[in-house]
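This is what each chain is made of:
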Amino acid sequence: MDVTFAMPTAIQRIVEHGIPIRSIIDIGASDGTWSVKTMVTFPRASFLAIEPLHERQEALERVKQKTDNFDYVLCVAGDKDRGEATLIVSEDLDGSTVDGVGGKPRTVATRTIDSIVAEKALAGPFFLKFDTHGYEIPIFAGAKDTLVKTNVIFMEVYNFNITQHSLRFPEMCSHLERLGFRCYDIVEPRLRRYDKAFWQMDILFTRSDSRIFSYSEYK
């Protein structure tokens, strides 16, 4: 993999672009590894991990005990606060998603990003990281106030409809443009194991009025 498109390099470019970040919300945080790595670049930011699997709590608690600027909430981020969602839990845990297939169903409490941000008294500008396997639209619906103060969205996107309601990456780009964000960077494009067709990548979005887009030349 070209280091240009590696995760740490893309995170560092946020700083190089001069995009201010105060709080980072890691949605679909797993064991907190991504947050810990990102703290190297943003040591003064507040980090909040949101993770639906109780199996990850022990690892997240370890990070919290070692790190003053890290906290976590166990829930599904969605469009309803204090509601419920059916999470399909994969055997390896990493592929678990709402509305997914091939795993065991589990009922998990839902929270909105806006309600968690208010409860934790987090301040913008925000950086939202999504690893939510096709469940992004309900999360956006529950983050309307937070999005107003968001400067970066880092999202895992797909070239296929991986769930019944998921968007493919060009559809997601269009949806985020309607919300006031444009793609400015990509990370780690991957081919699928089945036939080496393009499968997924991470895309970074920033506000459509960013100075990045005021210059349209190559050099």
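Quick note: structure is the one above.
Just so you know, these numbers come straight off a predicted model, no measurement behind them. (Residues numbered from 1 in each chain as written. Predicted model: local features only at pLDDT ≥ 70, side-chain atom pairs only at ≥ 80, totals over all residues. Heavy atoms only, no water.)

Comments concerning helix α3 (residues 57-66)
Within the span of α3, buried status applies to Ala59, Leu60 and Val63. One side of α3 holds all its buried residues, which, seen down the axis, span an arc of 100 degrees. Seen from the open side of α3, the exposed residues pointing more than 90 degrees away from its buried face are Glu58 and Gln65. Buried residues in α3 make contact with α2 (33-38), β2 (46-51) and β3 (70-74). (Buried < 20%, exposed > 50% of the residue type's maximum accessible area, 1.4 Å probe, protein only. Helix = DSSP H or I, 4+ residues; strand = E, 2+ residues; numbered from the N terminus. Arc of directions from axis to C-beta. Contact = heavy atoms within 4.5 Å.)

Here we look at the sheet that holds β2
Read from one edge to the other, the open sheet built from seven strands follows the order β3-β2-β1-β8-β9-β11-β10, with strand pairing classed as mixed. Either end of the sheet is taken by a strand with one partner, and the two such strands are β3 and β10 (181-191). The sheet shows a mean angle of 15 degrees between the axes of neighbouring strands, taken without regard to direction. Relative to strand β9 (residues 150-158), strand β8 (residues 126-130) runs parallel, the two being bridged by five bridges. Bridge assignment links phenylalanine 127 to a residue of β9, and that residue is valine 152. (Pairing = 2+ DSSP bridges. Axes fitted to C-alpha atoms, helices over the stretch in contact; angles between N-to-C directions.)

A word on the sheet that holds strand β5 (residues 83-89)
The strands that make up a sheet are held in pairs by hydrogen bonds between backbone atoms, and each pair lies either parallel or antiparallel. The strand order across the open sheet formed by four strands is β4-β7-β5-β6, and the pairing between neighbours is mixed. Since the sheet does not close on itself, it has two edges, and those belong to β4 (76-77) and β6 (97-98), each with one partner. Here two bridges tie β4 to strand β7 (residues 104-111), and the two strands are oriented parallel to one another. Among the inter-strand pairings, valine 76 is bridged to a residue of β7, identified as threonine 110.

Brief notes about the pairing of β10
Sheet topology places β10 next to strand β11 (residues 198-207); eight bridges connect them, and they run antiparallel. Note on β11: the bridge partner recorded for arginine 182 is threonine 206. Hairpin remark: β10 followed by β11, antiparallel, with six residues in the connecting loop; positive phi at lysine 196, about 65 degrees.

Observations concerning the side chain of glutamine 200
By the secondary structure assignment, glutamine 200 is in strand β11. Assessed through its relative accessible area of 7%, glutamine 200 is described here as buried. Within polar-contact distance, the side chain of glutamine 200 engages the side chain of glutamate 156 at 3.1 Å. Polar side-chain contacts of glutamine 200 include one of 3.2 Å to the side chain of tryptophan 199. Not counting residues up to four positions away in its chain, the partners in contact with glutamine 200 are Glu156, Val157, Tyr158, Glu188, Pro189 and Arg190. (Polar contact = N/O pair within 3.5 Å; in protein donor to acceptor, adjacent residues only side chain to side chain.)

Some details on the nonpolar core
Counting residues in hydrophobic clusters, the biggest one holds 36 residues, and the most contacted among them are Ile25, Ile113, Ile153 and Met155. Core analysis: the second largest hydrophobic core is formed by 25 residues, Met7, Phe154, Leu204 and Phe213 among them. (Core = buried A, V, L, I, M, F, W, Y, C linked by side-chain atoms within 4.5 Å.)

Remarks on unusual backbone geometry
The omega torsion of the bond from glycine 124 to proline 125 falls at 5 degrees, within 30 degrees of zero and hence cis. Tracing the sequence through the fold places proline 125 in the loop between α4 (113-120) and β8. One non-glycine residue with positive phi stands out, namely serine 30, at about 55 degrees. With respect to the helices, strands and loops of the structure, serine 30 is situated in the loop between β1 (23-27) and α2. Looking at serine 30, the relative accessible area reads 21%, which means it is partly exposed. Here lysine 196, not a glycine, exhibits a phi torsion of approximately 65 degrees, which is positive. With respect to the secondary-structure elements, lysine 196 resides in the loop between β10 and β11.

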